[in-house]
Amino acid sequence: MVRRRTVLAVAAASAAGLTVRPAAAQTGPTATPLTTPLTTALTTETVAPGVTLERSTGSGPVRQALLRLAAGSTTRPVLLQHDLSSPRTPADLAAAGGAVAAVNGDFYDIDRTGTPDGPVVLDGRPLKASADPQGAVGIAPGPAGTTGRVGSVQLDGTVTLGGRTHALAALATRTVAPGTLALFPPAWGAGDRSLTTTPDVAAVEVEVRAGAVTAVRAPGPAPVPADGFVLVGTGALAPELSALAVGTAVTSDVRVRVDALPAGSTGFAVGARLELVRDGAPAPFDTTDPTWAALRARTAVGWTAGGDLLLLTVEGGTAASVGVTATDTARRMVAAGAVGAVMLDGGGSAQLVARRPGDAHVSEAVVPSDGAARPVAHAIGLVPASAGPEAAAVVLRPELAAARVLPGLAQALRVVPVSASGAPTAGTAVLTSTGPGVLAVETAGRVLVRGVRPGPAAVQARLGAAAGRLDVEVLGPPVRFDVDAPPALPGPGSTLEVTVTGHDAAGRWAPVDAADVRVEVDAALLRCEPLPDGRLRLTAVAAGPVPVAVGLSAVGVTSVVEAAIGTRPVLLDRLGDPAGWTVAATRATASLTLAPGPALRLAYDFTGQPAGTSTAALVARTPVLLPSGSTALALRVRGDGQGGWLRAVLRVDGAQRPVTFAARVDFTDVRRLEVPVPAGAREVAVERVYLAQTQVAARRAGAVEVAQLEASVPPLRSRPARVDRHLRHLR
């Protein structure tokens, strides 16, 4: 399962079955220089038969992860979804579909119905389409490999109601245009169909079962019957539908032309808003469009001439990766060997999950720009063929990520026999250690490796014919201890799990099993306990806000770590001076005035704008710095009830990161809205606060008022002096 090539002197290169190699320049006719270079090292691990995950290591300017499904593999690409109107995280979709890896799919109606923007064809069966042709990418697996095709999907359908025939405008659409009729099949799910209609346009829905009307009502969330469908008619069609009697005969003739897939294919197709690669070179597109020109997280799907499938996700808006443009995404796909590729959804939706060697389930392989997994409409997953229970290899993985230990101190190992499909299987391996560095292997209850003498060492495992190996570096003696994240707990009963790290005189660090560490702390404030995986769990006892000193002692060395319980609000900007802010708009007009309170009033007009997201933003003339260690950002907002999406853009260690205050501003009172701040960032600042509207039919004019921008700050003593000066000025 593991291939290993010694190229770089990187610590723990072979941990968890990883290959570490430099990013090589592409040569040959498809070589294209990258605007944003790849980082200097990549790790490659085998996820399942024929599936490899290649990830860039280190920090910035850009980090990416690439899944490659080799031609001829027994693993197959599938489209994963719960239904058309019930978004799920890629990890949840992968678990439900038996996938060992997955990326997010098409752009979708994030703030309303959750429905994909484009068409959907699943196992060769059209589930979502429009009478207007829509761009699509079809993925068709076969014995010789995966083929991809960019084409279109178009609905040609009619419904006859009591002898009168009407053309269908859409199948399972997110927006029923005024004066049209749409059909919603069982695959629609439980989504509220009232959200597909325009509020000021009359709308009626008709439930049909076994070829007859069974209900006539206002559009809503009632489930679509498994043996029928629901029709939604708007505008001039609404009175006709309202007059239908229960029992009226209904027939449908639904045909969908799918030229994004070969005839008779059982593959799948999803929306293709932007073609990235055509005939092995970047495809032409409007590079000035702000959607494609911005640096942000991106996901793309592509295919090679030899039948490999490529799934790429580039991190963006994180402390380690600034993101890329669409042009750069295309070039990265070409560099990976793609002859064709299209863009999938990006930003906070750009996600890639994969099963790490030895794990039973997938986990995040990139950091989402939202800071947490986002539910998406569907995902492209990789599902391996079933395999027998016999062990084909043994995976050895450090529980705490780094394959390093300190003399006299231990780290827990995960030792997992895996089958030919890469899934964990039964059995107990025999362990031995080798190398000039000396390790003691302990197997009473948990598998531990304990450092004895500095130098390189290895742990080997064998179970019958199955084997595995993990290289481990024994560092020098520790001189101090620390934890991997600032211990800040919100209040009594809250918990935080941290890794204790030891540092030698050369500045190198290694994880330390918490059971090896004596922890001294005021028991009236904080409770500490070691966990089986070697981490330390902290539980707040007191209310706070209060600082807490935590003493860490082992092998004759003692260090004190600062922790905190609770937070206090710190005013960043009253938002009472328009001179400190300006406005910006995309597919919109916007203005800024002072409102009573005081507050800043952001007025906007999204009406009459073309397709694409409309935004109106308050932009700080000087980014508003948050105190170091801030855990949350809050804002007081008077809404306008127009349903916009209220977000902010943070500058996190030099990279832009969007956060969401409200997915829908459907309120008109004043509310205090709060979002978490990315943990572990060195510097965070607010760049802008903005409203967005993705729905063309829901674009209106309105205004929101914002005031009292503040941070929640733990009572830690360390804080940059320039932030202190900024806060003193506000007071």
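Because the structure is a prediction, the values reported are computed rather than measured.

K.L.:
What's the story with the overall build of the protein chain in this structure? I'm lost.
P.N.:
A tally of regular secondary structure across the protein chain gives five helices and 55 strands. Taken against the 2.2 N^0.38 rule, which gives 27 Å for 731 residues, the C-alpha radius of gyration of the protein chain at 28 Å falls within 12% of a compact globule. Projecting the C-alpha coordinates of the protein chain onto the three principal axes gives extents of approximately 90 × 70 × 50 Å. Across the 731 residues that make up the protein chain, the buried fraction comes to 53%. A sequence separation of at least 24 residues applies to 68% of the contacts in the protein chain between residues at least 6 apart. Per element, the accessible surface of the protein chain, about 28700 Å² overall, is 53% carbon and sulfur. Taken together, the 66 basic and 59 acidic charged side chains of the protein chain have centroids lying 4 Å from each other.

K.L.:
Before we go on, may I ask you to explain helix 4 (residues 326-335) in this structure?
P.N.:
The periodicity of an α-helix, 3.6 residues per turn, causes residues three or four positions apart to be oriented the same way. With respect to burial, helix 4 is a largely interior element, seven of its ten residues being buried. Three or more residues of helix 4 are buried, namely Ala326, Asp328, Thr329, Ala330, Arg332, Met333 and Val334. Two residues or fewer after helix 4 comes glycine 337, characterised by a positive phi angle close to 105°.

K.L.:
Just checking my understanding: could you explain the packing of aromatic side chains for this structure?
P.N.:
Each aromatic ring pair is summarised here by two numbers: the centre-to-centre distance and the angle between the ring planes. In the structure shown here, the tally under the stated rule is three aromatic pairs. Aromatic side chains phenylalanine 107 and tryptophan 292 sit 6.2 Å apart centroid to centroid with 85° between the ring planes, which places their arrangement in the edge-to-face category. Taken together, the residues phenylalanine 107 in the loop between strand 6 (101-104) and strand 7 (120-122) and tryptophan 292 in helix 3 (residues 290-293) connect sequence positions 185 residues apart. Overall, the relative accessible area of 12% leaves phenylalanine 107 in the buried class. Each ring, one from phenylalanine 184 and one from tryptophan 188, has its centre 4.8 Å from the other, and the planes form 80°; the classification is edge-to-face. Like tryptophan 188, phenylalanine 184 is buried.

K.L.:
Where do I start with the side chain of serine 630 in this structure?
P.N.:
Looking at where serine 630 falls in the secondary structure, it is placed in the loop between strand 49 (614-625) and strand 50 (632-638). One polar contact links the side chain of serine 630 to the main-chain carbonyl oxygen of proline 627, over a distance of 2.6 Å. Residues contacting serine 630, with those up to four places away along its chain left out, are Val677, Ala711, Ser712, Val713 and Pro714.

K.L.:
I tried to follow unusual backbone geometry on my own but got confused; where do I start?
P.N.:
Most peptide bonds adopt trans geometry, and most residues besides glycine take a negative phi value. The residue after glycine 544, namely proline 545, is reached through a cis peptide bond having omega 5°. Looking at the element boundaries, proline 545 is found in the loop between strand 42 (536-540) and strand 43 (546-554). The amide bond that connects glycine 597 to the next residue, proline 598, takes the cis arrangement and shows omega of -5°. Counting through the fold element by element, proline 598 comes out in the loop between strand 47 (589-595) and strand 48 (599-605).

K.L.:
Even after reading the chapter, I still don't get the pattern of salt bridges, so can you show me in this structure?
P.N.:
Any two side chains of opposite charge can pair if their charged atoms end up close together. Per the stated rule, a full pass over the model turns up 38 salt bridges. The residue aspartate 117 makes a salt bridge to arginine 273 at a minimum N-O spacing of 2.5 Å. Here the residue aspartate 117 occupies a position in the loop between strand 6 and strand 7, and arginine 273 occupies one in the loop between strand 18 (268-271) and strand 19 (275-278), the gap between them amounting to 156 residues. The salt bridge involving arginine 638 is made with glutamate 705; its shortest N-O contact spans 3.5 Å. Of this pair, arginine 638 sits in strand 50 while glutamate 705 sits in strand 55 (residues 701-713); the two residues are 67 residues apart in sequence, bridging distant segments of the chain. Overall, arginine 638 belongs to the partly exposed group, its relative accessible area being 39%. Residues joined in a network through salt bridges with shared partners are Arg193, Glu205, Glu207, Arg209 and Arg217.

K.L.:
Explanation requested: the nonpolar core in the structure shown.
P.N.:
Most often, soluble globular proteins keep nonpolar side chains buried together rather than apart. The biggest cluster of nonpolar side chains holds 41 residues, and the ones touching the most others in it are Leu53, Leu67, Phe184, Val301, Leu311, Leu352 and Leu382. The dominant element in this core, judged by the number of residues it contributes, is strand 4 (residues 64-69), at three residues. Not counting residues within four places of it along the chain, the set of residues in contact with leucine 67 comprises Val51, Thr52, Leu53, Ala101, Ala102, Val103, Leu309, Leu310, Leu311, Leu352 and Leu382. By size, the runner-up hydrophobic cluster in this structure holds 39 residues, among which are Val570, Ala588, Leu618 and Val706.

K.L.:
Got a minute to help me understand helix 1 (residues 90-97) in this structure?
P.N.:
Burial in helix 1 covers these residues: Pro90, Leu93 and Ala94. Seen from one end, helix 1 has its buried residues packed into an arc of 100°, which puts them on one side. Opposite the buried face of helix 1, at more than 90 degrees from it, the exposed residues are Ala95 and Ala96. Each element contacted by the buried residues of helix 1 is listed here: strand 5 (76-80), strand 6, strand 24 (352-355), strand 25 (362-364) and strand 26 (379-383). Immediately downstream of helix 1, the backbone of glycine 98 shows phi near 70°, a positive value.

K.L.:
Which parts of the structure should I look at to understand the sheet that holds strand 39 (residues 509-512)?
P.N.:
Consider a sheet: its strands pair through backbone hydrogen bonds, and that pairing is either parallel or antiparallel. Spatially, the three strands line up as an open sheet ordered 35-38-39, and their pairing is antiparallel. Two strands close off the open sheet at either side, each with one partner strand: strand 35 (478-483) and strand 39. Taken over all neighbouring pairs, the strand axes of this sheet differ in orientation by 30° on average, direction set aside. Across four bridges, strand 38 (residues 500-504) lies against strand 39 in antiparallel orientation. Opposite glycine 502, over in strand 39, you have alanine 510 as the bridge partner.

K.L.:
When you look at the environment of histidine 166 in this model, what are you seeing that I'm missing?
P.N.:
Relative to the helices and strands, histidine 166 is located in strand 11 (residues 164-167). In this structure, the C-alpha to C-alpha distance between histidine 166 and leucine 181, residues 15 residues apart in sequence, is 7.7 Å. Setting aside residues no more than four positions away along its own chain, histidine 166 makes contact with Gly157, Thr158, Val159, Leu161, Leu181, Leu237 and Glu240. In this structure the side chain of histidine 166 is engaged in a polar contact, spanning 2.7 Å, whose partner is the side chain of glutamate 240.

K.L.:
Any chance you could explain the sheet that holds strand 51 (residues 645-652) here in plain terms?
P.N.:
The sheet built from five strands is open, its strands ordered 46-49-54-51-52 with antiparallel pairing. Two strands close off the open sheet at either side, each with one partner strand: strand 46 (581-586) and strand 52 (655-662). The sheet shows a mean angle of 25° between the axes of neighbouring strands, direction not considered. Note: strand 51 against strand 54 (residues 684-693), eight bridges, orientation antiparallel. Residue pairing for strand 54: valine 649 is matched across the bridge by arginine 688.

K.L.:
Mind showing me how you'd approach the pairing of strand 27 (residues 393-398) here?
P.N.:
A regular strand carries its side chains on alternate faces of the sheet. With six of six residues buried, strand 27 is to be regarded as a mostly interior element. Residues of strand 27 alternate between two faces, with Ala393, Val395 and Arg397 on one and Val394, Leu396 and Pro398 on the opposite face, all of them buried. As defined by bridge partners, strand 27 adjoins strand 29 (residues 410-418) across six bridges and the pair is classed as antiparallel. Looking across to strand 29, one finds that proline 398 is bridged to leucine 413.

K.L.:
Looking at this structure, how should I read the pairing of strand 8 (residues 125-130)?
P.N.:
With three bridges joining them, strand 7 and strand 8 adopt antiparallel strand pairing. In the sheet register, leucine 122 faces strand 8, and the bridge partner there is arginine 125. Where strand 7 folds back on strand 8, the antiparallel hairpin that results is connected by two residues, among which aspartate 123 adopts a positive phi of roughly 55°. Pairing between strand 8 and strand 12 (residues 170-171): two bridges, direction antiparallel. Note that in strand 12 the partner of serine 130 across the bridge is alanine 170.

K.L.:
Honestly, the environment of aspartate 640 in this entry has me stumped. Any pointers?
P.N.:
Position of aspartate 640 relative to the elements: it lies in the loop between strand 50 and strand 51. Residues aspartate 640 and phenylalanine 667 lie 27 residues apart in sequence; the distance between their C-alpha atoms is 6.3 Å. Leaving out residues up to four positions away in the same chain, aspartate 640 has contacts with Tyr604, Val665, Phe667, Thr668, Gly702, Ala703 and Val704. Reaching out from aspartate 640, the side chain makes a polar contact with the side chain of tyrosine 604 at a distance of 2.5 Å.

Cut-offs applied
- Residues numbered from 1 in each chain as written.
- Predicted model: local features only at pLDDT ≥ 70, side-chain atom pairs only at ≥ 80, totals over all residues.
- Heavy atoms only, no water.
- Helix = DSSP H or I, 4+ residues; strand = E, 2+ residues; numbered from the N terminus.
- Rg over C-alpha atoms; globule rule 2.2 N^0.38 Å.
- Buried < 20%, exposed > 50% of the residue type's maximum accessible area, 1.4 Å probe, protein only.
- Contact = heavy atoms within 4.5 Å.
- Areas by Shrake-Rupley, 256 points an atom, 1.4 Å probe, with all protein chains shown as cover.
- Lys, Arg positive; Asp, Glu negative; His and termini not counted.
- Charge placed at Lys NZ, Arg CZ, Asp CG, Glu CD.
- Phe/Tyr/Trp six-rings, centres within 6.5 Å; stacked < 30°, edge-to-face > 60°.
- Polar contact = N/O pair within 3.5 Å; in protein donor to acceptor, adjacent residues only side chain to side chain.
- Salt bridge = Lys/Arg side-chain N within 4 Å of Asp/Glu carboxyl O.
- Core = buried A, V, L, I, M, F, W, Y, C linked by side-chain atoms within 4.5 Å.
- Arc of directions from axis to C-beta.
- Pairing = 2+ DSSP bridges.
- Axes fitted to C-alpha atoms, helices over the stretch in contact; angles between N-to-C directions.

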